[in-house]
Amino acid sequence: MKKRNLNAIYTAPLPVEVVPLPPLVPHNPLSVAYYVYQLVFVPFLWGFKRRRRFTAYLELYTDSVSSYVSSIAVDSYEDMQGLWKAGFFGKGTQSRSDPTWELRTAKRLQEASGEVEGVAPEEVTARRRAARKKFKNARALAEQGIVGNDTAMEKVETCEEPRRQELARPEDSQLRDSEGKVRRLEKLQLTFQEAFFLAYALDIIDIYDDRTGDLVTVPYLLGLLMPDWSPDNSFIINYVAYHHYRSHGWCIRNGVKFGVDYLLYRRGPPFSHAEFGVIVVPLYSDESKNQLIRKDWSWSFGVNRVVGGVKKILVLCYVEVPDCIDKWHTVEELLKKYKVRELVLRRWIPSRNRD
């Protein structure tokens, strides 16, 4: 299997492109003339962002009292690929992370005469697991001294690489449209922090109300995500941390499977594992409130043991909560009221940390 060129696939850290000016050599007249030409006649290149607009849809859950945001998702295939390949935003609703359900389904249904380009991460994982299982079975048989037995080797061969084509299922006919192509049933679901970052910080996504079709503005979206306008609202606390790490160039993914709030990648999941696991902790000026949320040493030890077991470093991200906020504040004024502190927590192992 040919290895993918990840640098060619994931070329940008964010779904925006900044076109810089050419180098300026003051004592070179040609350099000065070319610089002035780019600055005056091509003003678009003066550090402006070439923004591609994306579209997402917001679903509201309404009860007798108020409305709540249930999900924010992208359904356009081009927008899903654009947001994932440039910044790794969102998660495929039918996939582990990268929205590859259509690719995997097309392969299973033998679309295009069984030749469908591309390899999904789920396929790579399945092949690695099959190879690892085959190796373990062979090692177990070798320890028993029966490697030369034909029957034993047949048992090893049963753990072959998973087939790319599965048997057709009765409901497969429902997965094709009138033209025989695979229906696009998968969406890219964004977390609330990701959606707000794309709408406010980058200004590259248009979010529409799924029921009315109206465009949701940034202030209105903020009001939906934190309806109580409490200073310690969970959305704003987590968004402050999210905005903080994104602005420092980190790729952020959800870390719930490791018992943390966020995972920090230098470039993204396809390139390497996450280096840090982040737990967001609100920090109040009133010490009595801090006592209510304070954890004991066993919680700290347990989380650190889990994070350290997967070769990550635990970071406690303390977000200082202001005493009060005003709903008439702009988003920028609101974020300025919060401050971030970080504490790196490591396990002390005598055999490794002698110094």
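Up top is the structure.
**Some thoughts on the nonpolar core**
And then number 1: Ranked by size, the top nonpolar core spans 55 residues in total, and within it Ile72, Leu190, Ile207, Leu221 and Ile236 carry the most contacts.
And then number 2: Element by element, the count of residues in this core is highest for helix α9 (residues 234-247), at eight residues.
And then number 3: Shared between two domains, this core takes at least three residues from each, and those domains are domain 2 (51-92 + 189-225) and domain 4 (227-355).
And then number 4: Of all hydrophobic cores here, the second largest spans 16 residues; its members include Leu6, Leu263, Val303 and Val307.

**Looking at a nonpolar patch on the surface**
And then number 1: A cluster of nonpolar side chains, contributed by Leu24, Val32, Val36, Leu39 and Val40, occupies part of the molecular surface with about 360 Å² of accessible area.
And then number 2: Mapped onto the fold, Leu39 is located in helix α2 (residues 29-40).

**Brief notes about the environment of Ile293**
And then number 1: Among the secondary structure elements, Ile293 is positioned in helix α10 (residues 287-293).
And then number 2: In this view, Ile293 contacts Val281, Pro282 and Tyr284; residues no more than four positions away in its chain are not counted.

**Some points on the packing of helix α7 (residues 192-201) against helix α8 (residues 218-225)**
And then number 1: Two numbers describe how α7 lies on α8: the axes approach to 10 Å, and their chain directions differ by 165°. Looking at the two axes, α7 sits roughly antiparallel to α8. As for the relative orientation of α7 and α8, their crossing is left-handed in sense. Counting all contacts with α7, which are made through Phe192, Phe196, Ala199 and Tyr200, the residues of α8 involved are Val218, Leu221, Leu222 and Leu225.
And then number 2: Within the contact of α7 with α8, the residues separate by chemical class into eight nonpolar, no polar and no charged.

**Observations concerning the packing of aromatic side chains**
Centre-to-centre distance and the angle between the planes together describe a pair of aromatic rings.
And then number 1: Overall, the coordinates contain twelve aromatic pairs when judged by the stated rule.
And then number 2: Ring geometry for Trp84 against Phe88: centres 5.2 Å apart, planes inclined by 90°, an arrangement best described as edge-to-face.
And then number 3: A relative accessible area of 3% places Phe88 in the buried class.
And then number 4: Note on Phe235 and Tyr239: the rings are 6.0 Å apart at their centroids and 20° apart in plane angle, and the pair reads as stacked. Of the two residues, Phe235 and Tyr239 are both situated in helix α9; the distance of four residues between them amounts to about one turn of the helix.
And then number 5: Every member of this aromatic cluster is reached through a ring pair, and the members are Tyr10, Trp84, Phe88 and Phe271.
And then number 6: Between the NZ or CZ atom of Arg267 and the centre of the ring of Phe271, over which it lies, the distance is 3.9 Å.

**Description of the sheet that holds strand β11 (residues 276-283)**
And then number 1: Read from one edge to the other, the open sheet built from five strands follows the order β9-β10-β11-β12-β13, with strand pairing classed as mixed. The open sheet has two free edges, formed respectively by β9 (251-254) and β13 (339-345), since each of these has just one partner strand. Geometrically, the sheet is characterised by an average inter-axis angle of 30° between neighbouring strands, direction not taken into account.
And then number 2: Contacts from helix α11 (residues 297-309) reach β11, β12 (313-320) and β13 within the one sheet, and its direction differs from that of β12 by about 130°.

**Let's talk about the pairing of strand β3 (residues 54-62)**
And then number 1: Pairing of β3 with strand β7 (residues 205-209), which is carried by five bridges, proceeds in the parallel orientation. Pairing of Tyr57 across the sheet is with Tyr208, part of β7.
And then number 2: Note that β3 and strand β4 (residues 67-74) share six bridges and pair antiparallel. Residue pairing for β4: Glu59 is matched across the bridge by Ser71.

Reading the values: rules and limits
- Residues numbered from 1 in each chain as written.
- Predicted model: local features only at pLDDT ≥ 70, side-chain atom pairs only at ≥ 80, totals over all residues.
- Heavy atoms only, no water.
- Core = buried A, V, L, I, M, F, W, Y, C linked by side-chain atoms within 4.5 Å.
- Buried < 20%, exposed > 50% of the residue type's maximum accessible area, 1.4 Å probe, protein only.
- Helix = DSSP H or I, 4+ residues; strand = E, 2+ residues; numbered from the N terminus.
- Domains from an automatic or database assignment.
- Patch = residues over 30% accessible without salt bridge, like charges linked within 9 Å, V, L, I, M, F, W, Y side chains within 5 Å.
- Areas by Shrake-Rupley, 256 points an atom, 1.4 Å probe, with all protein chains shown as cover.
- Salt bridge = Lys/Arg side-chain N within 4 Å of Asp/Glu carboxyl O.
- Contact = heavy atoms within 4.5 Å.
- Axes fitted to C-alpha atoms, helices over the stretch in contact; angles between N-to-C directions.
- Parallel < 35°, antiparallel > 145°, perpendicular 65-115°, else oblique.
- Left-handed = near helix turned anticlockwise from the far one by under 90°.
- Nonpolar A, V, L, I, M, F, W, Y, C, P; charged D, E, K, R; others polar.
- Phe/Tyr/Trp six-rings, centres within 6.5 Å; stacked < 30°, edge-to-face > 60°.
- Lys NZ or Arg CZ within 6 Å of the ring centre and 35° of its normal.
- Pairing = 2+ DSSP bridges.

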